[in-house]
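Examining the three-dimensional arrangement
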Amino acid sequence: MYLLTIGVLLPSVFLVCWNAYSQYQQAEAAAKREAYNLAQISADNTQAFLADAEQLMRTIVRRIQAQPDNDLRCNPLFNDFKTLFPRFANLSQSTAQGFIVCSGTPQREQRNTYVGDTEWFKLVYQHKKFIIAPPYRGVLTGRMVSVLAYPITNADGIVTGALQMPIDLANFVLIPGVSKLPDSINISIIDTNGVLIARSQTPEQFIGKNLRGVDAVEKLLAIRDGTATSISSQGVGRIYGYRPIPGTDWLVAAGIATSDALKSARSTAIQNAIIGAAGLVFAAIVAFLMSKRISRPILAMQTTAFKIASGEREQRVSVNGPKEISDVAIQFNAMLDSIECSREVQAARESEIHRLAFYDLLTTLPNRRLLIQKIEEQCRIAKDLDWIGAVVYIDLDHFKHINDAYGHQAGDQFLKAVADRLSSLLRGNDILARIGSDEFVYVATALGRNQAEAVSAVMRLGSDIQRLLEENLDANGHRWITSASIGISLFPKIGDTSEILLHEADIAMYRVKQDGRNNVILFEASMRQQLTERLALEGDLRKAMTEGQFELYAQPQVDCAGTLCGAELLLRWQHPEKGFISPAMFIPLAESSDLIVEIGRWVLFQGCMAQVASHAMHPGLSISINVSPRQFRHPDFPEEVRQALATTQANPACLILEVTEGLLIDDIEGTIERMNALAEMGLRFSIDDFGTGYSSLAYLKQLPLYELKIDKSFIKDLPGDANDTAIVQSILVTR
């Protein structure tokens with residue numbers, strides 16, 4: 001009988017112990033996966049942050065290098081830097097002698113701070129490349145920072161200074177989109193010397209300290225990539241995930257407090273042990289008294305237990321037989337339900353981590369990281385199945401206007417509405433992702449078997465996207481109509497990667513913006529070369545202003561009798577290598593940046609001097625000077641005109657400022673006010689190519705105009721074309 005009792009009880013004892021041990025091991029393994037995933041996310045975020053910072057510094061250095069040698073002014077970006085990039089403590093520029101000459105944070109006592117003895121200063125001059133310095137307390141900010149430094153070189157490659165961007169380590173964001181982590185989770189970045197770089201919990205106490213000797217740090221330096229269970233610097237037992245940050249000597253350690261991670265497992269194990277023990281004691285008494293009667297239900301329970309152990313988790317014990325055995329079966333099923341519930345909670349936590357890592361929080365669409373994976377996958381499928389797909393880069397036109405006019409909350413609602421509308425176009429394996437503030441990417445699959453079919457299908461898709469966006473969008477009580485600039489790149493091609501396809505589609509989208517937005521363009525290889533040439537031409541244009549490559553030519557103006565009555569100054573560019581460059585090429589390029597203001601200032605001054613010079617031979621001769629809309633709207637333009645007249649002693653009555661009709665489209669009231677103010681100085685105005693824009697004839701009476709140059713498209717068919725005749729007569733009568 002005792003042997004029978006033992007034979008009945010031993011399987012149950014084993015089952016209870018095995019389930020408790022298995023649950024504990026599963027909870028610990030899940031916690032290690034969670035810790036490793038957190039370390040992976042933090043490492044990827046930090047790597048992307050440092051790469052973006054290096055690219056940003058390279059861009060700023062180029063702007064500094066493009067300044068003339070005699071221009072010692074600090075770039076305006078220094079003043080606005082902390083507002084534009086709040087994750088950095090400061091932006092500063094130092095000289096080769098070790099003095100800071102430009103800084104976003106005011107220097108003490110208005111004196112140039114000496115940093116020549118700092119470690120980051122020595123490193124950047126030693127290596128002559130982008131460096132990441134160990135933590136130290138910033139001279140200007142007074143905060144613990146890690147300085148990112150980038151050398152500034154002259155044309156001979158000699159380092160003449162450096163650009164510094166200190167990272168505010170106390171406020172460094174380790175997990176994107178999460179401002180504060182639970183107290184049970186701690187994420188740290190430590191370099192290979194054991195010095196703590198950043199920390200999610202109480203960073204001020206630890207940043208800059210060497211933590212060699214701490215068990216968790218020693219395991220991090222030994223393992224580098226993996227998981228471990230250890231004791232933190234504060235004596236807390238934690239489950240750690242370790243990941244190195246590529247391209248640096250930094251390592252990420254993400255720790256979850258063991259007490260929190262395994263709390264549910266321990267509680268369930270104790271509960272199961274108590275329930276199991278009670279059931280086993282009761283079963284022992286009953287087995288001793290009624291071994292034969294209960295042998296069959298116990299054998300059935302044993303069979304069910306082994307099925308669950310083999311992976312059939314849905315199995316449950318049948319509740320039958322004597323009441324005592326039924327109670328044990330009920331409690332046993334409750335234990336299995338508790339284990340399953342704990343497993344579901346853990347799965348939900350892992351799902352949330354995956355969502356944070358691979359999806360956009362606002363629209364729930366895939367983010368750039370997941371998009372890159374999906375594009376690579378679709379490229380492989382396209383090659384295997386021999387069909388053509390496309391990456392469609394969608395940039396919403398003038399989205400900033402919505403944010404400025406209605407606020408960021410309304411802008412977010414607008415983006416959600418756009419995402420919902422674009423999602424309605426998805427079919428089959430198509431993918432829609434949001435990769436920027438106002439940028440979406442649509443990956444169209446299976447467009448056709450040949451180039452012609454694919455191009456036709458994707459252009460129809462582009463038209464559908466434009467049509468959807470041009471319909472009314474209702475969100476948050478507002479109604480919008482928008483448009484988009486769309487660039488397209490087809491795949492698969494030899495050497496295609498997700499980054500290359502995105503870059504090609506981005507180049508095509510940029511071409512749409514250059515051509516006036518709200519269009520669809522397919523990427524062509526020539527676009528990459530044209531973009532490169534445009535960037536090179538922009539660099540040459542900046543040099544042309546400083547090296548005096550611009551020339552002004554006077555085009556005579558005669559009246560109907562052929563008598564000289566004025567001259568229009570025309571700007572020409574004599575490139576030292578390429579010869580004369582057409583204004584149609586460099587004027588639009590200058591107007592897309594602030595260069596047009598600087599060039600226009602030079603033309604204005606030269607025009608005043610030309611008027612003075614022509615007075616001796618042709619008294620009263622009018623000189624026409626072209627003024628771009630951007631220059632006209634510049635806040636300093638009226639004062640610059642006043643200074644040019646005073647400096648050159650030019651006669652304002654002989655100067656005509658020639659503007660285009662496009663100036664009258666935006667802010668007509670402000671334009672009228674400024675034109676009247678300039679007219680009070682004695683200047684006269686002329687509108688060029690009148691009739692090609694959309695300005696109202698009613699405004700002409702309010703403008704201090706001296707002359708209208710009616711566009712030649714209305715003149716060439718006179719008097720034979722009745723429509724052109726009517727238009728010209730209307731303009732003349734209105735004037």
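Every value quoted in this text rests on a predicted model; they were computed, and no experiment measured them. (Residues numbered from 1 in each chain as written. Predicted model: local features only at pLDDT ≥ 70, side-chain atom pairs only at ≥ 80, totals over all residues. Heavy atoms only, no water.)

1. Quick notes on the sheet that holds strand β9 (residues 237-244)
Strands belonging to one sheet form pairs held by backbone hydrogen bonds; the direction of such a pair is parallel or antiparallel. On the basis of which strands lie adjacent, the open sheet formed by five strands has the order β7-β6-β10-β9-β8 and antiparallel pairing. Where the open sheet ends on each side, the last strands, each with one partner, are β7 (196-199) and β8 (226-231). Going from strand to strand, the sheet's axes swing by 25° on average, the running direction of each strand aside. The sheet contact formed by strand β6 (residues 185-191) and strand β10 (residues 250-257) spans seven bridges and is antiparallel. Bridge pairing in β10 links isoleucine 189 to valine 252. (Pairing = 2+ DSSP bridges. Helix = DSSP H or I, 4+ residues; strand = E, 2+ residues; numbered from the N terminus. Axes fitted to C-alpha atoms, helices over the stretch in contact; angles between N-to-C directions.)

2. Things to note about the environment of leucine 371
With respect to the element layout, leucine 371 can be found in helix α8 (residues 368-385). With 13 residues separating them along the chain, leucine 371 and phenylalanine 358 place their C-alpha atoms 8.5 Å apart. Apart from residues lying up to four places away in sequence, leucine 371 is in contact with Ile431, Ala433, Ile435, Val441, Val443 and Leu502. (Contact = heavy atoms within 4.5 Å.)

3. Some words on helix α17 (residues 637-648)
For α17, spanning twelve residues, the distance from its first C-alpha to its last is 17 Å, which sits close to the expected 16 Å at 1.5 Å a residue. Of all the positions in α17, only Phe637, Pro638, Glu640, Val641, Ala644, Leu645 and Thr648 are classed as buried. All buried residues of α17 lie within an arc of 165° about the axis, which places them on one face of the element. Next to the buried residues of α17 lie α15 (595-615), α16 (629-633), β22 (655-660) and α18 (668-679). Glutamine 649, located one to two residues past α17, shows a positive phi value of around 60°. (Expected span 1.5 Å × (residues − 1). Buried < 20%, exposed > 50% of the residue type's maximum accessible area, 1.4 Å probe, protein only. Arc of directions from axis to C-beta.)

4. Let's talk about the pattern of salt bridges
Any two side chains of opposite charge can pair, so long as their charged atoms come close to each other. Applying the stated rule across the entire model yields 18 salt bridges. Note that arginine 58 is salt-bridged to glutamate 54, the shortest N-O span being 3.3 Å. Of this pair, arginine 58 and glutamate 54 both sit in helix α1 (residues 2-66), four residues apart, which is roughly one turn of that helix. Given a relative accessible area of 25%, glutamate 54 falls into the partly exposed group. For aspartate 540, the salt bridge goes to lysine 578, with nearest N and O atoms at 3.7 Å. Taken as a pair, aspartate 540 in helix α13 (residues 525-547) and lysine 578 in the loop between β19 (564-575) and β20 (579-581) lie far apart in primary sequence, 38 residues in all. Bridged by salt links that share partners, the residues Asp395, Asp397 and Lys513 form one connected network. (Salt bridge = Lys/Arg side-chain N within 4 Å of Asp/Glu carboxyl O.)

5. So, the sheet that holds strand β12 (residues 431-434)
Ordered by their spatial adjacency, five strands build an open sheet running β12-β13-β11-β16-β17, and the pairing between neighbours is mixed. Of all the strands in the sheet, just β12 and β17 (519-522) have a single pairing partner and so form its edges. The mean inter-strand angle of the sheet, taken between neighbouring strand axes irrespective of direction, is 20°. Pairing of strand β11 (residues 388-396) with strand β13 (residues 439-448), which is carried by seven bridges, proceeds in the antiparallel orientation. Among the inter-strand pairings, valine 392 is bridged to a residue of β13, identified as tyrosine 442. Strand contacts of α8: β11, β12, β13 and β16 (484-491), with the helix running at about 155° to β12, the strand carrying the most contacts. Contacts from helix α12 (residues 498-514) reach β11, β13, β16 and β17 within the one sheet, and its direction differs from that of β16 by about 145°.

6. So, the layout of surface pockets
The volume enclosed by the largest pocket comes to roughly 1600 Å³. Those elements giving two or more residues to the lining of the largest pocket turn out to be α1, α2 (77-84), α13 and α15. When residues of the lining of the largest pocket are assigned to their parent elements, the largest contribution, eight residues, is made by α13. Counted by class, the lining of the largest pocket contains ten nonpolar, ten polar and 13 charged residues. (1 Å grid on protein atoms, 1.4 Å probe; cavity = no way out; pocket = protein on both sides within 12 Å on 5 of 7 lines; lining within 4 Å. Points joined across faces, edges and corners; volume = space filled by probe spheres on them. Nonpolar A, V, L, I, M, F, W, Y, C, P; charged D, E, K, R; others polar.)

7. Regarding the environment of isoleucine 656
When you line up the elements, isoleucine 656 lands in strand β22. Overall, the relative accessible area of 2% leaves isoleucine 656 in the buried class. Placed 49 residues apart in sequence, isoleucine 656 and glycine 607 show a C-alpha to C-alpha distance of 10.0 Å. Isoleucine 656 has contacts with Ser622, Ile623, Ser624, Ile625, Arg684, Phe685, Ser686, Tyr706 and Glu707, leaving out every residue within four places of it along the chain.

8. Some details on the nonpolar core
Judged by nonpolar contacts, the single largest core of 62 residues is most densely connected at Leu163, Ile187 and Ile189. With 13 residues, the top contributor of residues to this core is α1. If sequence neighbours within four positions are ignored, isoleucine 189 has contacts with Thr46, Phe172, Leu174, Val195, Leu196, Ile197, Ala198, Ile245, Trp250, Leu251 and Val252. Core analysis: the next-biggest nonpolar cluster, separate from the first, contains 43 residues, Leu569, Ile623, Ala650 and Leu655 among them. (Core = buried A, V, L, I, M, F, W, Y, C linked by side-chain atoms within 4.5 Å.)

9. Regarding the state of the cysteines
If you walk through the whole model with that rule in mind, you get one disulfide. The partner cysteine of cysteine 74 in its disulfide is cysteine 102, sulfur to sulfur 1.9 Å. Disulfide cysteine 74 to cysteine 102: torsion about the S-S bond roughly -90°, handedness left-handed. Highlighted residues: cysteine 74 in the loop between α1 and α2 and cysteine 102 in strand β2 (residues 100-103), separated in sequence by 28 residues. You can call cysteine 74 partly exposed: its relative accessible area is 35%. (Disulfide = S-S within 2.5 Å.)

10. Some remarks on the packing of α13 against α15
Taken N-terminus to C-terminus, the directions of α13 and α15 make an angle of 25°; their axes are 11 Å apart at the nearest point. The orientation of α13 with respect to α15, classified from their angle, is roughly parallel. Relative to α15, α13 is oriented so that their crossing is left-handed. Together, Leu541, Arg542 and Met545 of α13 and Leu595, Glu598, Ile599 and Trp602 of α15 make up the contact between the two elements. In the contact of α13 with α15, the residues fall into five nonpolar, no polar and two charged. (Parallel < 35°, antiparallel > 145°, perpendicular 65-115°, else oblique. Left-handed = near helix turned anticlockwise from the far one by under 90°.)

11. Focus: the packing of α8 against α12
Packing of α8 against α12 leaves a shortest axis separation of 9 Å and a crossing angle of 105°. Classified by the angle between their axes, α8 and α12 sit roughly perpendicular to one another. On the side of α8, the interface is formed by Arg368, Leu371, Ile372, Ile375, Glu376 and Cys379, while α12 contributes Ser498, Glu499, Leu501 and Leu502. By residue class, the composition of the contact of α8 with α12 is six nonpolar, one polar and three charged.

12. Here we look at the pairing of strand β1 (residues 92-95)
Neither face of β1 is exposed, since Ser92 and Ser94 on one face and Gln93 and Thr95 on the opposite face are all buried. Relative to β2, β1 runs antiparallel, the two being bridged by three bridges. Considered in β2, the bridge of serine 94 is made with isoleucine 100. Here β1 folds back onto β2, and the loop between the two strands holds four residues, one of which, glycine 98, carries a positive phi near 95°.

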